[in-house]
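Now for the letters of each chain:
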Number of protein chains: 4
Amino acid sequence: KPLKEGFCSINKVAHPVGSKGVEDFRRRLKYFFMNPCEKYRARGRKPWKLMIQIVKIAIITIQLVTFGLSNEMMVTFKDENLMAFRHLFLKGYKDHGLGTYVLYTKADIHFVADFLGIQNLTVGNLAYERVNGQFTPLSLCQEFYRNSSIDPGNETFDIDPHIDKDCISVYPGESTENNNLASPFNLSLDFKRLLSVNVYLTLKTINLQTVRHNELPDCYDFHTMSVTQTFTLIDYLLLWFDSVVILACFTSLLLCTRSVIKGVQLQFEFTSFFHSHYNKDVTWADRMEFVNGWYILIIVSDTLSITGSGLKIGIQTKFMTDYDVCSILLGTATMLVWVGVIRYLGFFKKYNILILTLRAAFPNVIRFCCCAVMIYLGYCFCGWIVLGPYHDKFRTLDRVTECLFSLINGDDMYATFLHMRDKSYMVWLFSRIYLYSFISLFIYMVLSLFIALITDTYETIKHHQQDKLPVSQLQAFIAECRDQPESGRYQSDEESEESCCFG
Amino acid sequence: KPLKEGFCSINKVAHPVGSKGVEDFRRRLKYFFMNPCEKYRARGRKPWKLMIQIVKIAIITIQLVTFGLSNEMMVTFKDENLMAFRHLFLKGYKDHGLGTYVLYTKADIHFVADFLGIQNLTVGNLAYERVNGQFTPLSLCQEFYRNSSIDPGNETFDIDPHIDKDCISVYPGESTENNNLASPFNLSLDFKRLLSVNVYLTLKTINLQTVRHNELPDCYDFHTMSVTQTFTLIDYLLLWFDSVVILACFTSLLLCTRSVIKGVQLQFEFTSFFHSHYNKDVTWADRMEFVNGWYILIIVSDTLSITGSGLKIGIQTKFMTDYDVCSILLGTATMLVWVGVIRYLGFFKKYNILILTLRAAFPNVIRFCCCAVMIYLGYCFCGWIVLGPYHDKFRTLDRVTECLFSLINGDDMYATFLHMRDKSYMVWLFSRIYLYSFISLFIYMVLSLFIALITDTYETIKHHQQDKLPVSQLQAFIAECRDQPESGRYQSDEESEESCCFG
Amino acid sequence: KPLKEGFCSINKVAHPVGSKGVEDFRRRLKYFFMNPCEKYRARGRKPWKLMIQIVKIAIITIQLVTFGLSNEMMVTFKDENLMAFRHLFLKGYKDHGLGTYVLYTKADIHFVADFLGIQNLTVGNLAYERVNGQFTPLSLCQEFYRNSSIDPGNETFDIDPHIDKDCISVYPGESTENNNLASPFNLSLDFKRLLSVNVYLTLKTINLQTVRHNELPDCYDFHTMSVTQTFTLIDYLLLWFDSVVILACFTSLLLCTRSVIKGVQLQFEFTSFFHSHYNKDVTWADRMEFVNGWYILIIVSDTLSITGSGLKIGIQTKFMTDYDVCSILLGTATMLVWVGVIRYLGFFKKYNILILTLRAAFPNVIRFCCCAVMIYLGYCFCGWIVLGPYHDKFRTLDRVTECLFSLINGDDMYATFLHMRDKSYMVWLFSRIYLYSFISLFIYMVLSLFIALITDTYETIKHHQQDKLPVSQLQAFIAECRDQPESGRYQSDEESEESCCFG
Amino acid sequence: KPLKEGFCSINKVAHPVGSKGVEDFRRRLKYFFMNPCEKYRARGRKPWKLMIQIVKIAIITIQLVTFGLSNEMMVTFKDENLMAFRHLFLKGYKDHGLGTYVLYTKADIHFVADFLGIQNLTVGNLAYERVNGQFTPLSLCQEFYRNSSIDPGNETFDIDPHIDKDCISVYPGESTENNNLASPFNLSLDFKRLLSVNVYLTLKTINLQTVRHNELPDCYDFHTMSVTQTFTLIDYLLLWFDSVVILACFTSLLLCTRSVIKGVQLQFEFTSFFHSHYNKDVTWADRMEFVNGWYILIIVSDTLSITGSGLKIGIQTKFMTDYDVCSILLGTATMLVWVGVIRYLGFFKKYNILILTLRAAFPNVIRFCCCAVMIYLGYCFCGWIVLGPYHDKFRTLDRVTECLFSLINGDDMYATFLHMRDKSYMVWLFSRIYLYSFISLFIYMVLSLFIALITDTYETIKHHQQDKLPVSQLQAFIAECRDQPESGRYQSDEESEESCCFG
């Protein structure tokens, strides 16, 4: 009777490889593939990792929301000021959707006067940047070819392609004194060889709205946003919170790395065991089962989150200003963390149909996309070269890609058609054939085929779930062990090392 | 022979639990689950409840349409006036889709003059509000920090975050006399510490268009719309109609509550009967069958309708002004009433495929949505934090949610792509990966999977309908009774109490 | 052997109802249900009806295209002039998509001056309408309440709701003489009781562009477009062509009516035959088979076409001006004619899958739509009453219907979301719940269910086509006759009457 | 044993047609239908054709990208200048999406003055075109009827439809001297009989931006872009590259034509072989198998590419200016080349599901489309004639087609609905019925049916792939040969001729 208890499988007598070592190994494997709840019931191990993940989701989301809200306020302030400046400085500026065309004739270049009077004009806290007690000037820089004599009438030109840059500085202090607005400074633009005129000016303003929300006001000078700043309590709280995030992510990173390493070790053990006992090689697919994809996801997410939070501390203590990198890191980390929640939903039966179907359909979808992308690319190149000169949406190659992608997904088709009027008849005809064939092919054929593909996979998955056959060697090996998590069989080994620390 | 008649089931002799009490109970159950027409045929009971529901649909819809039409006229009038005022008072106001940017320079704040001349300017019946014989003034209020010395040049500031509000009143009567438009009053705006400037003015107008439609003209003063008013015949008719609606809903509410209570009683009877006769417990699903979901829907709808109509009477008699709550209550009630019509359509065979499929698919859809929402939320957070500063549609978190939701359902994709140009290259690249992956994942995978899910459920439902197996204990129990409604078996009991009142 | 030849069915000896009369009748039935080609092969009857239909399609399409092209030119001319007039007369007119808001202050009403100078201002052939040698005046009409004393300040008014209309006429000849533009006439607008001001002016112009295309120029006076006109060759050609259309349609109408009548006669014969021989009643479905739906379609189309062409002649000879009715009649007729082409495509096998599926799915779709429409109507009412005051798309009930319908089919969702900002929080929240639930329900559930429905029907149809079982008594009766059209059996009877005329 | 080796099929003894000639022929056929890799393994033949195709894809894409990028720069330059000119010369020009309405009154025609001052006004290298030392003039041409007396008031006119064209030239040199801007020249426009006024002016400019990118600057005169030009190194490189493209395409063309010819020869051999050995005819489907469709695609693509590259050389050496034809040729060629990549993907199993499904679904889709197009055309005609005068999207027939096509694919529906307000009630009602029925029919029925069709085909294809039965005589004949490519059996014959050259 103790002998029978020792046996892991009591039903399948047809496969009598039941020495004690094999049973133990099989039990260890089964334990390894259990989910946290089952592990708790099997050995009483607290699901520390699960808890840490849940806590992590909460604090990472809080961190992100705080960050986002503070950025939101800042961006709104900057935008409104930028809009006001544009209306002030750019003649006839219109806030159209698609680009702005402001036309200057030679006589119009007297906007410098506006600059000199800005402190009196707009409603807001603006001041000129002052460096070493000096006002920073308005710089008006022109780029031109070094030496050129162009005569469009004779179709001859002689250009030295080296580009010179010449800047003229106007100091606010100066011209307001003599008030000579009509001709404020000597500006000679040689329009013949001119390439571009840029105006740089530096203004400072303080966003007083944030004071109300008990934050320290940020100071913008509309180029960078770094100003030394005294620290307040709120800033210290934010720093502390970021440190907590880093700590939590680091712990999660350690635990998951440990689990992955243990998985790899177990995989090697399993490979050698299978080789020695059954003299069979383990397939790659079986080997990959030991590496839990979710852990990899968490590790990537943690790494991103730690780096991002580090950068964020740097930004808040004004050592760095690389906002974009920081936001991409934090954003991607948060996205991965939320995607990771699906894993925990998958512990409940029936909840994982989305993930299972997506995973099963993935190879087919990729293969299918490869072919579709070829046709798609063909259309992109063709549309770019033929319609590019006549239609704004086909001007550059990446725009064509986006435009066609949008068309497939139901974008404004009529507008695209409409803008291709008034062309030469041949181009008009080509554009019609091009658009009708593209849309019909992709919306009616390719998208329908996509639905067919997914529907097919879904049904396959559903039948698999109902039948539940072990599909690989590994699963067949483990399936022989019928011990329930609650049976107490799993507790005998490794209790000393495991129960103290978290796993 | 009388013994055979007494038997409810004459075919299934294999289940001979046919004492008189059991038969009667079975017949009562079957009668309970009949639809109104069958009930009429079985016991001759008039379908009062059904009739009341039909009447209710009619009068509730009439009430809503009357309410809506009168609001429509009012809103149009208000809008047109508001538009005219904006063009009058806001310099350079444009009616663009996405926000208005009106830029004021210090010199522009002379619009008060416009106000003083408004009675002469616009075409309409406008007058200044007069309280106690005095004209109400135009109030110009500024909010500023109590004490501030800001020097953006030195990057220093010293602000007392307490906010002061200072208002200046201008009386129409005054300045028209001396006609001093250039400097109408002493307005000193300390722009350094200014937070906002608001202008309040109160005007009155009378919408004469409504006189033509035999309604009493409403008087608006563009802040609230409550003015004492003498009652006319039409108003009394409206009040009377609202009372009829309340009465009908109350009757319907009482009848449905009674039916629900009877259902619950029958359920308890059934539970104890099943326990005593078969010694089996009744499942929760079977118990819930006794509570008719449609009655719950009607009860909720009636409650909303009664409350809404009460509020509406309050608004019409000018005791209350909470239009929003009233409209939400009435609107939701009407929607539920119309949804309830499906129940009566379901009495005809084949008409209930929509409801059946939706109900059957519901658990799977919810489970599926849980997973999809996780990925969706991940994308939302990520898009908000990274793209928020660069794109208007990603500015706030709820906008991101709406924007992504719209993208899935075929919104203008190209415009979304387009507005992300002119950014730093890294953000540009991120936005492309972000959008392409999101759209592909959700439109091609998730939506296709949705179709697969619904198609699958539809087929399951169709097969169920063709087979018609009793699926629960309750249905199996009832199915043994083969008496047709017309057989006259159902009339023997309870005729005294039932036939007089409506059920 | 002659006995065997006389038998129509030689294989099925199990059903020996083979007297000569029965055979003949069966053969007549089979001939009746043949398509034109088979009829030609069976009896050599020329497919006159088919030819007439094909000719009809051609000439009706030509008629429509001629009509459409001439209208196109006219409409473009009118639009351009209207646009020019608007820019001339309406101050600050913008050609926005959604309505125009032009605000007039009292001082602006001096546009009459513009009118008087119009002959000198614009570039085009414009002249004032002259009646009996007199110029027609510019009429400036105001509508106002007969008697009103309104005091918005006191919230009192006393209005006589009878509406007066007062018009003032200005004659072009007059004021150009004295050139008194500042105060051209005595215009006293009592703004207190004013309802509307309308300006009517009558101008004439001649569209010279059409002369180039050899058409007689139309003369517009921008109110009606009827001017007496001398007839040219082209006009006579057009009238002749319209007559040809009417003739063709009339012939087709006669032939189809005759076929329908013959079908009905045959149906009565069949019913009495079946009753006397088999003593069985013929089902309604079988009876309806004798009435060819396509003939009904052609008859309706012909009737519309004849009426429409008649009206068109009336318009061209300037007796009538009801362009809308004429275009609707002709347009619908042409649409039906083109839809009718599917019938001829259906003569080839495999081409009729669209029509078959649509017809088979029709009852289910209608039933399904009934339920969906209830939910849809509920949402419409609810959206109208709650969101109407806050959102332009929900202002009137028919707009709500269109807006929600458009949303289901992938319209701009984000814009709809966006415009609901800046409302009270409760309305904002309601709008979100409303839109998300509506879109999810209809796009994900209802549309998916639609696809499931159609897919299911398609598969059913496909299986039916592969099995090809006779499904009705009528089909079973006819199927017993195996004679091929080419066998020559069909030619014996009725050759005298049929072969001469067309059938 | 050597006898058995000689046999191609050793398993199927039931079909002993194993003479040496038959075996050899079967082996040749099998070799013919192998893909390049198998051919390499079978006979060691290098896949030259494959390599040339891969090289071709690369260089054609590079050619296209170079061409496209250079055009992009040119078009941007032209657009910006055109925009600037429009703002300069057209009064009140707005860059709206849908057409521009610029209204001129008689007094406004003084824009010629602007022209004369253009050299001083704008910022850029502009000069008047000079021919033979003379400035080219600004030509102001009017078209009018030769003789006309129009009196709109009397509704009489007398027009000679012959059109005269009268041009007046203004020379820049002239009027700048006397500076007489108010009346620069004698311009008498007889507005009565005027048809159109066109202004032609010729300006020259040099795009200096390109100098920076080491290209020779193009010279535009805004009519054509052909200017004699000295050649630089880069131009020679481009010409050389185009020649390489032509060479590669020509080689590929030759090889593919040779393969096609060999296929046709083999087909004749096979037909006669089959006729002599089995006395059976070969079906057309089997014959077509010998003509590889991919080769046809490559041949077409190569022809287009060679012609296009030739034209491109012509354009670059400024002999031709037909940019449109060149771009259409090159674009289509590139598209076909990329579509051809799918062939190589199809060499891997499972990758060709897209192409297989599309090919299998093609006949059904075409048949289905035929029917759908009939209904579609009916709607087009009907919408054009009825709604044309009232809605911009229905103005011309091709617009209607595009608009309806866009509506099916999820275009802005609400906007289409909206613009049909303010019409006569009958037209309004018609438009609603029209749009609702069209959209419901096409989106819900036709599109769903499309999905059903594709899904059905996909499943058929999948089952075929799993079963893998030889479906034609040809395949059955070849399938009897079981020799693997690596077996060495294929090398014996033709080694002398084949191994030296590429195949």
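Here the structure is a predicted model, which means the values were calculated and not measured.

Across its full length, chain A holds 18 helices and eight strands. In chain A, which comprises 503 residues, the proportion classed as buried is 48%. Summarising the internal contacts of chain A: among those between residues at least 6 apart in sequence, 68% fall at separations of at least 24. When the accessible surface of chain A is summed, it comes to about 24,600 Å², and 60% of that surface belongs to carbon and sulfur atoms.

A complete count under the given rule lists 28 salt bridges over all chains for this structure. Among the salt bridges present, the one from Asp24 of chain A reaches Arg27 of chain A, with a minimum N-O distance of 3.5 Å. Placement of both Asp24 of chain A and Arg27 of chain A in helix α2 (residues 20-32) is noted, with a separation of three residues, approximately one turn of the helix. You can call Arg27 of chain A buried: its relative accessible area is 9%. Note that Lys462 of chain A and Asp456 of chain B form a salt bridge whose closest N and O atoms lie 2.6 Å from each other. Of the two residues, Lys462 of chain A is situated in helix α16 (residues 425-467) and Asp456 of chain B in helix α16 (residues 425-467); the pairing between them involves two chains. On the basis of relative accessibility, which here comes to 14%, the residue Asp456 of chain B falls in the buried class.

In this structure, Leu404 of chain A, Leu404 of chain B, Leu404 of chain C together with Leu404 of chain D are the most contacted members of the largest nonpolar core, which totals 291 residues. Those residues in contact with Leu404 of chain B that sit more than four places away from it in its chain are Tyr376, Tyr379, Cys380, Phe394, Tyr434 and Phe438 of chain B. Listed in part, the 13 residues of the second largest apolar core include Leu266, Phe273, Tyr278 and Ile478 of chain B.

Turning to the domain arrangement of chain A, a few remarks are in order. When the domains of chain A are assigned, the result is domain 1 (35-70 + 232-350) and domain 2 (356-467). Averaged C-alpha coordinates put domain 1 of chain A and domain 2 of chain A at centres separated by 36 Å.

Another aspect to go through is the environment of Ile451 of chain B. Position of Ile451 of chain B among the secondary structure elements: in helix α16. In contact with Ile451 of chain B, not counting residues within four places along its chain, are Ile451 of chain A together with Ser448 and Ile451 of chain C.

Another point: a nonpolar patch on the surface. A grouping of Tyr425, Leu429 and Ile433 of chain A is seen on the molecular surface, where their side chains present a nonpolar patch of about 330 Å² in accessible area. Of note, Ile433 of chain A is situated in helix α16.

Residues and elements named next belong to chain A. What UniProt calls "transmembrane region" (unreviewed entry) maps, in this numbering, to residues 236-256, 294-315, 327-345, 365-387 and 433-454. Within residues 236-256, the helical portion is 100% and the strand portion 0%, while the C-alpha atoms at the span's ends are 30 Å from each other. Across residues 327-345 one finds 100% helix and 0% strand; the C-alpha atoms that close the span lie 28 Å apart.

Time to look at empty space enclosed by the protein. By the definition in use, this model includes 16 cavities of 30 Å³ or more. There is about 850 Å³ of room inside the largest cavity. Looking at the largest cavity, it is lined by 34 residues, and the ones nearest its centre are Leu447 of chain A, Ile443 and Leu447 of chain B, Leu447 of chain C together with Leu447 of chain D. Those elements that place two or more of their residues in the lining of the largest cavity are α16 of chain A, α16 of chain B, α16 (425-467) of chain C together with α16 (425-467) of chain D.

Further remarks concern helix α12 (residues 323-345) of chain C. Across its 23 residues, α12 of chain C extends 34 Å between first and last C-alpha, which sits within 8% of the 33 Å expected from 1.5 Å per residue. Of all 23 residues in α12 of chain C, 22 are buried, a share of seventy percent or more.

Taken as a whole, this structure holds 84 aromatic pairs over all chains when the rule is applied. For the ring pair Phe394 of chain A and Tyr434 of chain A, a centre distance of 6.1 Å and an interplane angle of 70° mean the geometry is edge-to-face. You can see Phe394 of chain A sitting in the loop between α13 (353-387) and α14 (397-408) and its partner Tyr434 of chain A sitting in helix α16, a full 40 residues away along the chain. Summarising the burial analysis for this pair, Phe394 of chain A and Tyr434 of chain A share the class buried. Measuring from ring centre to ring centre gives 6.1 Å for Phe32 of chain D and Phe290 of chain D, while their planes differ by 35°; the resulting arrangement is tilted. Taken together, the residues span a long stretch of sequence, with Phe32 of chain D in helix α2 (residues 20-32) and Phe290 of chain D in the loop between α10 (284-289) and α11 (293-316) at a distance of 258 residues. Using a relative accessible area of 23% as the deciding quantity, one classes Phe32 of chain D as partly exposed. Given a relative accessible area of 2%, Phe290 of chain D falls into the buried group. Among the aromatic residues, ring-to-ring pairing joins Phe25, Phe32, Phe33, Phe270, Phe273, Phe274, Tyr278 and Phe290 of chain A into one connected group. Lys39 of chain A extends its terminal NZ or CZ atom over the ring of Tyr31 of chain A, reaching a point 5.7 Å from the ring centre.

Three or four residues apart is the spacing at which side chains of an α-helix point the same way, because the helix has 3.6 residues per turn. Between its first and last C-alpha, helix α14 (residues 397-408) of chain C extends 17 Å over twelve residues, near the 16 Å set by a 1.5 Å rise per residue. Taken together, the buried positions of α14 of chain C are occupied by Arg399, Val400, Glu402, Cys403, Leu404, Phe405, Ser406, Leu407 and Ile408 of chain C. Contact partners of the buried residues in α14 of chain C: α13 (353-387), α15 (413-418) and α16 of chain C together with α15 (413-418) and α16 of chain D.

Attention now moves to the packing of helix α12 (residues 323-345) of chain A against helix α13 (residues 353-387) of chain B. Packing of α12 of chain A against α13 of chain B brings their axes to within 8 Å, and their N-to-C directions diverge by 170°. As far as their axial angle goes, α13 of chain B and α12 of chain A are roughly antiparallel. Contacts between α12 of chain A and α13 of chain B pair Tyr323, Ser327, Ile328, Gly331, Thr332, Thr334, Met335, Trp338, Val339, Val341, Ile342 and Leu345 of chain A from the former with Cys370, Cys371, Met374, Ile375, Leu377, Gly378, Tyr379, Phe381, Cys382, Ile385 and Val386 of chain B from the latter. Taken together, the residues of the contact of α12 of chain A with α13 of chain B sort by class into 18 nonpolar, five polar and no charged.

By the element assignment, Ile454 of chain B lies in helix α16. Expressed as a C-alpha distance, the spacing of Ile454 of chain B and Asn364 of chain B, which sit 90 residues apart in the sequence, is 9.4 Å. Ignoring any residue separated from it by four or fewer positions in sequence, one finds Ile454 of chain B in contact with Thr357 and Ala361 of chain B together with Tyr444, Met445, Ser448 and Leu449 of chain C.

With that settled, consider a negative patch on the surface. A grouping of Glu459 of chain A, Glu459 of chain B, Glu459 of chain C together with Glu459 of chain D is seen on the molecular surface, where their side chains present a negatively charged patch. In this fold, Glu459 of chain D is placed in helix α16.

Residues and elements named next belong to chain A. Residues of chain A with pLDDT of at least 70 account for 61%, and the chain-wide mean is 71. Here residues 95-116 is a poorly scored stretch, pLDDT under 50, and it has 53 contacts once near neighbours within four places are set aside; other chains count. Every residue in residues 174-186 is under pLDDT 50, and counting partners more than four places away or in other chains gives ten contacts. Interface confidence for the predicted complex, expressed as ipTM, amounts to 0.72; the pTM equals 0.74.

With that out of the way, let us pick up the side chain of Thr457 of chain C. Residues and elements named next belong to chain C. Here Thr457 shows up in helix α16. The class for Thr457 is buried, based on a relative accessible area of 8%. When residues no more than four places from it in sequence are discounted, the contact partners of Thr457 are Thr357, Ala360 and Ala361.

As for its position among the elements, Arg395 of chain C is in the loop between α13 and α14. Residue Arg395 of chain C is classed as buried on the basis of its relative accessible area, which comes to 11%. Once you skip the residues sitting within four places of it in the chain, Arg395 of chain C turns out to touch Glu72, Val75, Thr76 and Asp79 of chain B together with Trp384, Gly388 and Pro389 of chain C.

Taken as a whole and judged by the stated rule, the model has zero disulfides over all chains. As a non-bridged cysteine, Cys326 of chain B has Cys382 of chain C as the owner of its nearest cysteine sulfur, 12 Å distant. Overall, the relative accessible area of 0% leaves Cys326 of chain B in the buried class. Left without a disulfide partner, Cys370 of chain D is nearest to the cysteine sulfur of Cys371 of chain D, which lies 6.6 Å away. A relative accessible area of 29% means that Cys370 of chain D is categorised as partly exposed.

Each value, and the rule that gives it
Residues numbered from 1 in each chain as written. Chains lettered and ligands numbered in written order. Predicted model: local features only at pLDDT ≥ 70, side-chain atom pairs only at ≥ 80, totals over all residues. Heavy atoms only, no water. Helix = DSSP H or I, 4+ residues; strand = E, 2+ residues; numbered from the N terminus. Buried < 20%, exposed > 50% of the residue type's maximum accessible area, 1.4 Å probe, protein only. Contact = heavy atoms within 4.5 Å. Areas by Shrake-Rupley, 256 points an atom, 1.4 Å probe, with all protein chains shown as cover. Salt bridge = Lys/Arg side-chain N within 4 Å of Asp/Glu carboxyl O. Core = buried A, V, L, I, M, F, W, Y, C linked by side-chain atoms within 4.5 Å. Domains from an automatic or database assignment. Patch = residues over 30% accessible without salt bridge, like charges linked within 9 Å, V, L, I, M, F, W, Y side chains within 5 Å. UniProt positions renumbered as here; feature names shortened; annotations may be inferred. 1 Å grid on protein atoms, 1.4 Å probe; cavity = no way out; pocket = protein on both sides within 12 Å on 5 of 7 lines; lining within 4 Å. Points joined across faces, edges and corners; volume = space filled by probe spheres on them. Expected span 1.5 Å × (residues − 1). Phe/Tyr/Trp six-rings, centres within 6.5 Å; stacked < 30°, edge-to-face > 60°. Lys NZ or Arg CZ within 6 Å of the ring centre and 35° of its normal. Axes fitted to C-alpha atoms, helices over the stretch in contact; angles between N-to-C directions. Parallel < 35°, antiparallel > 145°, perpendicular 65-115°, else oblique. Nonpolar A, V, L, I, M, F, W, Y, C, P; charged D, E, K, R; others polar. Lys, Arg positive; Asp, Glu negative; His and termini not counted. Charge placed at Lys NZ, Arg CZ, Asp CG, Glu CD. pLDDT = per-residue confidence, 0-100. Disulfide = S-S within 2.5 Å.

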